[in-house]
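The residues making up each chain are set out below.
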Amino acid sequence: ARDPDAMVLKTRVTELLKIEHPIIQGGMHHVGYATLAAAVSNAGGLGTVTALTQRTPELLRDEIRACKALLKPGKPFAVNFTLLPSLAPPDYGAYAQVIVDEGVPVVETAGRNPGKWIAFFKKHGVTVVHKCVAIKHALTAQRLGADCISMDGFECAGHPGEDDVGNLVLLAKARTALTIPYVASGGVGTGEQLAACLALGADGVNMGTRFMATKEAPVHDGIKAALVKADERSTTLVMKSVGNTERVYKNDVARQVQEIEARDPGKIEAIRHLVSGENYRKSFQESGDPDSSVWSCGVVMGLIDDVPTCEELVRRMVADAERVITGRLPSMVGGRSGLWSMVAGRSKL
């Protein structure tokens, strides 16, 4: 049961997604399994199962059903549906049909040319949150019918796009550009940041790396320890030369990729053996060695100091945001001077 004294941050996103707190766990390859998704949803946020982590659509069906079995009554969850550049793409239609057949209420779409799939999910009554790294892409997704945007700033783990624009600018610009709700994704891990994102106009936050460092995250303790030990300087960028930039953990394997790219720019075949997802699946699920592969993580590592449960993390973030919103910020507002009256009057226009 919800603590009656706990603050509830009511936003357009909590209303749209029917969640208690404006905190989403984003899709993560080889991390977004039922156990983590259910833990986040049960904590009052929105947990997400990653579709393409499952090798077949039927395995995705099994994972969705496993998530449902772990959920408290009335708690929603999402499935991440990412469109990957590939010479041999998966059967997206079959994966999408499983999502619809299983009654998944929310889909997090990502990748290029999402129009067909946004229309498909909307036709079947699924709420669509589309991840974007640029305002122009967000406007396109809005026009195509997305219900919500996840704005991914340059700080994010994984693929930040090629524009190198941080969330401080993206979120402020999204406030004036978009009419649908949006959440901040990239570099977020604390309640103070949640409050800041709300102040910039966002309706919530989407976190990946921070949720990797939780007790329920299905990754090896060695990876979690690396996230705690690392700081904000512990990431680097690879695959820039092939136009698919990825922010990853800084280690010798990542440096090897960069050296090959410098020598043979634009040749994915030269680095494919080093950036294979199977490599970091083994790091996450088997060895726990953070130096054995190229794996996605964000600069938010600089703010990760512990490995709490998902419920502890969500409750702490909401409480810390409350302290900022009701304590620190109001204390900065002085008396109703003539200048204040003029500013307040303009804000009502």
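1. Some thoughts on the overall build of the protein
Turning to step 1, where the next piece is worked out: Counting its secondary structure elements, the protein contains 15 helices and 10 strands.
Turning to step 2, where the next piece is worked out: A compact globule built from 349 residues should have a C-alpha radius of gyration of about 20 Å, and the protein, at 20 Å, falls within 12% of that.
Turning to step 3, where the next piece is worked out: Considering only C-alpha atoms, the protein reaches an extent of 65 × 45 × 40 Å along its principal axes.
Turning to step 4, where the next piece is worked out: Classification of the 349 residues of the protein by burial places 52% in the buried group.
Turning to step 5, where the next piece is worked out: Taking contacts inside the protein between residues at least 6 apart in sequence as the whole, the part at least 24 apart equals 62%.
Turning to step 6, where the next piece is worked out: Taken as a whole, the protein presents about 15,800 Å² of accessible surface, with 54% of it coming from carbon and sulfur.
Turning to step 7, where the next piece is worked out: One finds the centroid of the 40 positive side-chain charges in the protein at a distance of 6 Å from the centroid of its 39 negative side-chain charges.

2. Structural notes on the packing of aromatic side chains
Turning to step 1, where the next piece is worked out: Within the structure shown, the criterion is met by 9 aromatic pairs.
Turning to step 2, where the next piece is worked out: Judged by centre distance (6.2 Å) and plane angle (75°), the rings of Trp-117 and Phe-120 are edge-to-face. Of this pair, Trp-117 and Phe-120 both sit in helix α5 (residues 115-123), 3 residues apart, which is roughly one turn of that helix.
Turning to step 3, where the next piece is worked out: Taking relative accessible area as the criterion, Phe-120 reaches 19% and is therefore assigned buried.
Turning to step 4, where the next piece is worked out: Above the ring of Phe-154, the side-chain terminus of Arg-247 is found at 4.7 Å from the ring centroid.

3. Some thoughts on unusual backbone geometry
Turning to step 1, where the next piece is worked out: The backbone phi angle of His-30 is positive, close to 65°, even though this residue is not glycine.
Turning to step 2, where the next piece is worked out: Position of His-30 among the secondary structure elements: in the loop between β1 (23-25) and α2 (34-42).
Turning to step 3, where the next piece is worked out: Given a relative accessible area of 8%, His-30 falls into the buried group.
Turning to step 4, where the next piece is worked out: Even without glycine at this site, Asn-113 takes up a positive phi of about 50°.
Turning to step 5, where the next piece is worked out: Tracing the sequence through the fold places Asn-113 in the loop between β4 (106-111) and α5.

4. Observations regarding the confidence of the model for the protein
Turning to step 1, where the next piece is worked out: Looking at the protein, the pLDDT average stands at 93 and 93% of residues meet or exceed 70.
Turning to step 2, where the next piece is worked out: The low-confidence segment residues 338-349 (pLDDT under 50) makes 3 contacts with residues lying over four places distant or belonging to another chain.

5. Concerning the packing of α2 against helix α3 (residues 57-70)
Turning to step 1, where the next piece is worked out: Where α2 meets α3, the closest approach of the two axes is 9 Å, and the angle between their N-to-C directions is 35°. α2 and α3 meet at a crossing whose hand is right-handed. Contacts between α2 and α3 involve Ala-34, Thr-35, Ala-37, Ala-38 and Asn-42 from the first element and Glu-63, Ala-66, Cys-67 and Leu-70 from the second.

Conventions and cut-offs
Residues numbered from 1 in each chain as written. Predicted model: local features only at pLDDT ≥ 70, side-chain atom pairs only at ≥ 80, totals over all residues. Heavy atoms only, no water. Helix = DSSP H or I, 4+ residues; strand = E, 2+ residues; numbered from the N terminus. Rg over C-alpha atoms; globule rule 2.2 N^0.38 Å. Buried < 20%, exposed > 50% of the residue type's maximum accessible area, 1.4 Å probe, protein only. Contact = heavy atoms within 4.5 Å. Areas by Shrake-Rupley, 256 points an atom, 1.4 Å probe, with all protein chains shown as cover. Lys, Arg positive; Asp, Glu negative; His and termini not counted. Charge placed at Lys NZ, Arg CZ, Asp CG, Glu CD. Phe/Tyr/Trp six-rings, centres within 6.5 Å; stacked < 30°, edge-to-face > 60°. Lys NZ or Arg CZ within 6 Å of the ring centre and 35° of its normal. pLDDT = per-residue confidence, 0-100. Axes fitted to C-alpha atoms, helices over the stretch in contact; angles between N-to-C directions. Left-handed = near helix turned anticlockwise from the far one by under 90°.

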